[in-house]
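Summary of the model geometry
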Amino acid sequence: MLDKLLAANFKLSSLMVWIGGAGLIGAAIMVTIDVFLRDVFLVTLGGADEISGYIFAISTAFAFPYAVLHRANVRIDALYIPLPPFVRSILDLVALVGLAVFFFPLTWRSWLMLQDNIGFWTKSITPLQTPIAIPQSLWFAGMVVFCLTVLLVFVVALTRLLRGDLTGVHDIAGVPTLDEEMQSGDGGHAG
Amino acid sequence: ELDTLNLKVVGTWGNLSNWKVNEGPFWNETMPEKSGGKITADAVPQTDVGIKGFEVMRMLKIGVFDVAHGVVGYIAGEDPVVEGIDIAGVAQSWEDVRGSAEAYWPIMEKQFEETYGAKLLAVYPFPSQMLWCNAEVNSVEDLTGKKVRVYTTSMGDLVEGLGGTSVTIAFAEVVPALEKKVVDCGITGTMPAYQAKWYQVATHAFPLRVGYSMSFAAMNLGTWNRMSDETKAFVEKMMEEYNESAWKNMIAEDEMGIICNTGQGGTCTVGEPGNMKLVELSDADTAARKKALEEVVLKRWAERCVEKAGESCIDDWNATVGKITGVTAPKP
Amino acid sequence: MLGTTLIILIVLIALSIPIAAALGTLGLALDQIFSGGFLWRGLADNAWQTSIEFLLVAIPMFVLLGEILLRAGIAQRMYAALVQWLSWLPGGLMHSNIGACAMFAATSGSSVATAATVGTVALPEVEKRGYNERLFLGTLAAGGTLGILIPPSINLIVYGLLTDTSVPELYLAGFIPGLILAGLFMVAVILFCTFRPSLDGDKVETSWLQRARVLPDLLPPLGIFLVVVGSIYAGIATPTEAASLGVVAALILAACYRSLSISMLREAIEGTMKTTAMVMLIIMAAIFLNFVLGMIGLTQALATFITSLGLTPFQTLLAVIVFYLVLGCFMETLSMLITTAPIITPIIVGLGYDPVWFGILLMVMLEAALITPPIGVNLYVVQGVRGSGPMSDVMVGVIPFLLAMFAMVALLVGFPELALWLPSLFY
Ligand code: NA
Ligand code: NA
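Residue numbers restart at each chain and count upward from 1, following the sequence in its written direction. Chain letters and ligand numbers both follow the written order, the letters beginning at A and the numbers at 1. Note on the predicted model: pLDDT of at least 70 is required for a residue's local features to be given, and 80 or more for side-chain atom pairs to be given and counted; whole-chain, interface and lining totals, by contrast, use all residues. Based on all heavy atoms of the structure, the side-chain values leave hydrogens and waters out of the count.

In the nomenclature of an unreviewed UniProt entry, chain C is known as TRAP transporter large permease protein of Thalassobaculum litoreum DSM 18839. UniProt positions are given in the numbering used here, feature names are shortened, and annotations may be inferred rather than shown by experiment. Here chain C is described in UniProt, under the heading Sequence similarities (unreviewed entry), as follows: "Belongs to the TRAP transporter large permease family." The annotation that UniProt attaches to chain C under Subcellular location (unreviewed entry) is "Cell inner membrane".

Right, here's the structure in full:
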């Protein structure tokens, strides 16, 4: 049952990443067209920057579950690596709790914010007048899937720990070793 | 006997004079002094805590702050009624602006209480906003086809109504955009234009008043209700004094802003003056402005406002701001 | 207040909690301790405003741009061409590494993307040609850091956003120091290889005919540079828009090379989104922490503390440089930039230093942070691309380049015109 859920979560997160990525490429094309029209024909689509901001917000939120499942969170492992596997497994669970401590309240507050923005039907103050609730509800959906993913990964890791399957815990929640990073095929990080 | 209070206060932009001259000194010095140390504040400008102004009222409502200073234009998206105090291009003189603010106060006060659970404490301006162009703009007619950087809905409507194209880019990107003619004109306040060195890249100061960045101070209603009557009365009295001095300071600052950008009309006391050409508005310009207002700006604002608040919104506005400034918002 | 903050942060990081969670949890804890627990109610409004910030859209755009150039084989061709032109110097291919990093940096806004891209292309050569592995790895990790100094640069955009400094001016200011630093890296390689010839590898056979023949391979990166940087000064686009133009240009180039396909795009998107998600989790948390630090008055307390030390402006500057050097060992660079720039920059500017100049100095300090252990992201990137062997190789290999960075800091402090001359021509 848990494994099926996890497999479904992996699939869903990939799908969300592709949607978000396609959106970003679309945003790049839209901005390019806007720049071109503005410089050549002195007209503007109006709000290309604002729309790409929304696409950016949605696509990043859509990518959060993928980042958790692929263990892409930056963790400082200087003290972690020398520890015995059992203690490391505990720390892996603590790391997930850490994510929950910050991002669960954030998502809860987001729900209250979204309710307000639906209730008042708040619009952006720009010429575009976007009803904020539209992009925000998609963003919120991403945050919810993100929280559920953290929860699921925690439950899976905990059951594996209780079974004594430390390798299993590492595979789902540990800090990736360099070999694993290699196989995943990219260096991560943008700074 | 006053209550002992420590208020969390957020102000407007830390680099602009409203914070430096009005808000900061008031909360950090005047208020504690006059209350005999009873009412103190942790006051910070929004720029120091990395917030943009859109979220200020929501944060006030949910109790993140006790008192918030903010700009009406930033909350217009939630509330077209409040937006009515600072619609682009309506008021053109300080007399009209002050008159409108006083006439519209009861409407705003009610709106703040109902929409944001907040007690309105003050309504005061920034230096007036006008157009700064790196192009030969000597009349409204010259705006035809010009790209103007705007940042609010009604500014965009005004520019469109006057025949220009509205462009939205970030404030930080305006100076290079003006210089490279990515945009022809930008809109900002007189002193802020000087402080952000727009005078170095723009040539024409076009004094059609686009707005006054009408600002407010408001207190979370929960905080307000917890105060004793005596404290409430004291705070209200203090805020009245605050309001008076804020208006006085900003009007002086506005005049200085024009002097500093153009080098005309007096001595710039805050730095080297620029030498932009100060355009004079003609009767034709005024006529064009009123036409754009009634046909585009006010028409669209009226649609937004009626959708949110019903037709009384238009009647209220025409009876107050409209009457003072001599324009009429049409009913949709 | 300062002490409590530091202790909580150190404990969270020592527990190997994800940086994003550590910064966010610290913010929540400080709110509970010093502000009565009201600030967390603003979490969502804060996060949403950060999430839709147009200037940050440049982050995924630059990462995507790099992914496309790599997957279209454009980076590989560029490297091969630079080998023909630069490898006659003592140190051979290591100069091509630095040259390729500098050139890729001119198309990419990210140091890590630069190190990862050039590293992927260059590393197969190290054994083939008998180079000293440590120094070779060092050129890649250090050369990659040029990504944030030579325009375009995500970090300069973020610095501009946080400190209200003009990004086009910052870009111009970063140009000459970027080239000088690349030059200093090359000088370091020449010095080491002249005194210890065993560090060098086999010579690459080349001829002027071959050199001429590969020149066209340098055109695509040059074209991207013209699009993402040139468009800003030609008055066509803003720096943020320029990043989007770069993505479209890269897509067009990939199509010209017949390497544009759905599967290629899918790989590029997965890599880009994973990186962007990770960075944005950190940025969201860091900006909330900033908000809390400002509201509880810690930011001002720190500024007051530094002023109260009664140091001269120059001494303060030195203290700030040392502070960044130490902090840079332990912190990821973007989080470091976001949490410190709004506090430190006003202090430095208040002392009479130029904000544009300080932005460039800060970039060099961030570059050093990228290659100082234990938290030096570029070290891990290069080691990650390499895939085997001890980590210490890379850490030793970057030492000469770290020294070059110190020299660069000294040059910038001694001759601020290095950064300010080019912008002064335009602004
Ligand atoms: Na770069
Ligand atoms: Na480091």
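After presenting the structure, the write-up continues.
Attention shifts here to empty space enclosed by the protein. The method works on a 1 Å grid over the protein atoms by themselves. A cavity is a set of points holding a 1.4 Å probe that cannot get out, a pocket is an open set with protein on both sides within 12 Å along at least five of seven lines, and residues with an atom within 4 Å of a point line them. Grid points are joined across faces, edges and corners, and a volume is the space filled by probe spheres set on the points. Here the structure, examined in full by the defined rule, presents 7 cavities of 30 Å³ or more. Estimates place the volume of the largest cavity at around 140 Å³. As for the largest cavity, its lining consists of 16 residues, and the residues nearest its centre are A:R71, A:N73, A:R75, A:L96 and A:A173. By definition, any uninterrupted DSSP run of H or I lasting at least four residues is a helix, any uninterrupted run of E lasting at least two residues is a strand, and each is numbered from the N terminus. The set of elements that each furnish at least two residues to the lining of the largest cavity consists of α3 (85–119) and α5 (166–173) of chain A. Take the lining of the largest cavity: its biggest share by element is 4 residues, from α3(A). Each residue gets one label: Ala, Val, Leu, Ile, Met, Phe, Trp, Tyr, Cys and Pro are nonpolar, Asp, Glu, Lys and Arg are charged, and the others, such as Gly, are polar. Here the residues of the lining of the largest cavity sort into 11 nonpolar, 2 polar and 3 charged. Taken together, 17 residues make up the lining of the second largest cavity; nearest its centre are B:I85, B:D86, B:V90, B:A91 and B:Y212. Breaking the lining of the second largest cavity down by element, the ones donating at least two residues are α5 (94–116), β9 (204–211) and α12 (312–325) of chain B.

Nonpolar core, defined: a set of buried Ala, Val, Leu, Ile, Met, Phe, Trp, Tyr and Cys residues in which side-chain atoms within 4.5 Å join the residues together. Here the term buried applies to any residue with accessible area under 20% of the maximum for its type, exposed to any over 50%, and partly exposed to those in between, with areas from a 1.4 Å probe on protein chains only. Judged by nonpolar contacts, the single largest core of 310 residues is most densely connected at A:W139 and C:F291. By residue number, the principal contributor to this core is helix α15 (residues 262–295) of chain C, which donates 22 residues. Ignoring any residue separated from it by four or fewer positions in sequence, one finds C:F291 in contact with B:V49, B:I51, B:M59, B:V64, B:F65, C:L39 and C:N46. Judged by nonpolar contacts, the second largest core, of 24 residues, contains B:I169, B:W198, B:V201 and B:M276. The contact rule is simple, with two residues in contact once any of their heavy atoms fall within 4.5 Å.

Each side of the interface is counted separately: chain C has 76 residues, and chain A has 67 residues. In short, buried area is how much 1.4 Å probe accessible area vanishes from two parts on joining, totalled over both. Buried surface at the junction of chain C and chain A, both sides included, amounts to about 6200 Å², of which 76% is carbon and sulfur. Three residues stand out in chain C for area buried against chain A, namely C:W48, C:K274 and C:L281, and they jointly supply 13% of the buried area on that side. Counted as salt bridges are all cases of a side-chain nitrogen of Lys or Arg within 4 Å of a carboxyl oxygen of Asp or Glu. For the pair chain C and chain A, the interface holds 1 salt bridge. Between A:R38 and C:E241 there is a salt bridge, with the nearest N and O atoms lying 3.0 Å from each other. Looking at the side of chain C that touches chain A element by element, the count peaks at 18 residues for α15(C).

Here the focus is the coordination of the sodium ion (ligand 1). Residue and element names in this part refer to chain C. Bound to the sodium ion (ligand 1) on the protein side are A105 (O), S108 (O), G147 (O), I150 (O) and P152 (O), at distances that span 2.2 to 2.4 Å. Read N to C, the donor residues that coordinate the sodium ion (ligand 1) are spaced as A-x2-S-x38-G-x2-I-x1-P. In this pair, S108 is assigned in the loop between α6 (93–105) and α7 (111–122) and I150 in the loop between α9 (133–144) and α10 (154–163), connecting sequence segments 42 residues apart. The same class applies to S108 as to I150, namely buried. In this description, a donor is an N, O or S atom within 2.8 Å of the metal centre, a cutoff extended to 3.2 Å for sodium, potassium and calcium. Water is not part of the atom list, which can make sites seem incomplete.

Quick look at the packing of helix α5 (residues 74–86) of chain C against α6(C) now. Residues and elements named next belong to chain C. The geometry of α5 relative to α6 is characterised by a closest axis approach of 8 Å and an angle of 130° between their N-to-C directions. The orientation of α5 relative to α6 falls into the category oblique. Regarding α5 and α6, the two cross each other, and that crossing is right-handed. Each of M78, Y79, L82, V83 and L86 in α5 lies in contact with α6, whose residues at this interface are L93, H95, S96, N97, G99, A100, M103 and F104. The class makeup of the residues in the contact of α5 with α6 is 9 nonpolar, 4 polar and no charged. Here, axes are lines fitted to C-alpha atoms. For helices the fit covers the stretch in contact, and angles between N-to-C directions go from 0 to 180 degrees. When describing relative orientation, an angle under 35 degrees is termed roughly parallel and one over 145 degrees roughly antiparallel, while 65 to 115 degrees is termed roughly perpendicular and anything else oblique. With the far helix as reference, a near helix turned anticlockwise by less than a right angle produces a left-handed crossing, and one turned clockwise produces a right-handed crossing.

Moving on, we come to the sheet that holds strand β5 (residues 129–133) of chain B. All names here are of chain B. Any two strands with at least two DSSP bridges between them are considered paired. Judged by pairing direction, the sheet is mixed, and its 6 strands sit side by side in the order β7-β6-β8-β5-β9-β11 without closing on themselves. Edge strands, defined here as strands with exactly one partner in the open sheet, are β7 (165–167) and β11 (277–278). Along the sheet, helix α10 (residues 229–262) contacts β5, β9 and β11; its crossing angle with β9, the most-contacted strand, is approximately 155°.

A word on the pattern of salt bridges. Two side chains with opposite charge may pair up if their charged atoms get near one another. Applying the stated criterion to the full structure yields 24 salt bridges over all chains. A salt bridge links A:R163 to A:D165; the nearest nitrogen and oxygen atoms lie 3.8 Å apart. Note that B:D254 is salt-bridged to B:R209, the shortest N-O span being 3.9 Å. Taken as a pair, B:D254 in helix α10 and B:R209 in strand β9 lie far apart in primary sequence, 45 residues in all. Exposure remark for B:R209: the relative accessible area of 14% places this residue in the buried category. Overlapping salt bridges, with partners in common, bring together B:E83, B:D157, B:E160, B:R300 and B:R304 in one network.

The next point concerns the interface of chain B and chain A. Counting residues at the interface gives 26 residues for chain B, matched by 20 residues for chain A. Roughly 1900 Å² is buried in total at the junction of chain B and chain A, and carbon and sulfur atoms are behind 53% of that figure. Three residues stand out in chain B for area buried against chain A, namely B:R58, B:T153 and B:T168, and they jointly supply 27% of the buried area on that side. Run the count over chain B and chain A and you get 3 salt bridges. For the salt bridge of A:K123 with B:E307, the shortest nitrogen-to-oxygen distance reads 3.6 Å.

Residues and elements named next belong to chain B. Only a pair of cysteine sulfur atoms within 2.5 Å qualifies as a disulfide here. In the structure shown here, the tally under the stated rule is 3 disulfides over all chains. Here C260 engages in a disulfide with C268; their sulfurs sit 2.1 Å apart. Its S-S torsion of approximately 95° makes the covalent link between C260 and C268 right-handed. In this structure, C260 and C268 share a single accessibility class: buried. Sulfur-sulfur distance for the disulfide between C305 and C313 comes to 1.8 Å.

Glancing now at a nonpolar patch on the surface. Judged by side-chain polarity, A:F36, A:V40, A:F41 and A:V43 come together as a nonpolar surface patch covering roughly 390 Å² of accessible area. Along the chain, the position of A:V43 falls in the loop between α1 (2–41) and α2 (48–69). Each patch groups residues whose relative accessible area exceeds 30% and which form no salt bridge, using 9 Å between like charges and 5 Å between nonpolar side chains of Val, Leu, Ile, Met, Phe, Trp and Tyr. Each accessible area is a Shrake-Rupley result for a 1.4 Å probe, and residues are judged covered by the shown protein chains and nothing else.

Right, let's talk about the packing of aromatic side chains for a bit. Here a ring pair, both rings aromatic, is described through the centre-centre distance and the interplanar angle of the planes. The pairing test for Phe, Tyr and Trp rings, Trp by its six-membered ring, is centres within 6.5 Å, and the orientation test on the planes gives stacked under 30 degrees, edge-to-face over 60, and tilted for anything in between. Throughout the structure, instances matching the rule amount to 26 aromatic pairs over all chains. Ring centres of A:F102 and A:F103 lie 4.8 Å apart, and the angle between their planes is 80°; on these two criteria the pair is classed as edge-to-face. Here A:F102 and A:F103 have matching classes, each one buried. The side chain of A:R109 reaches across the aromatic face of C:W40, ending 5.1 Å from its centre. In this scheme, Lys NZ or Arg CZ marks a charge over a ring once it lies within 6 Å of the ring centre and within 35 degrees of the ring normal. Of note, C:R211 hangs over the ring of C:W85, and the distance from its end group to the ring centre comes to 5.8 Å.

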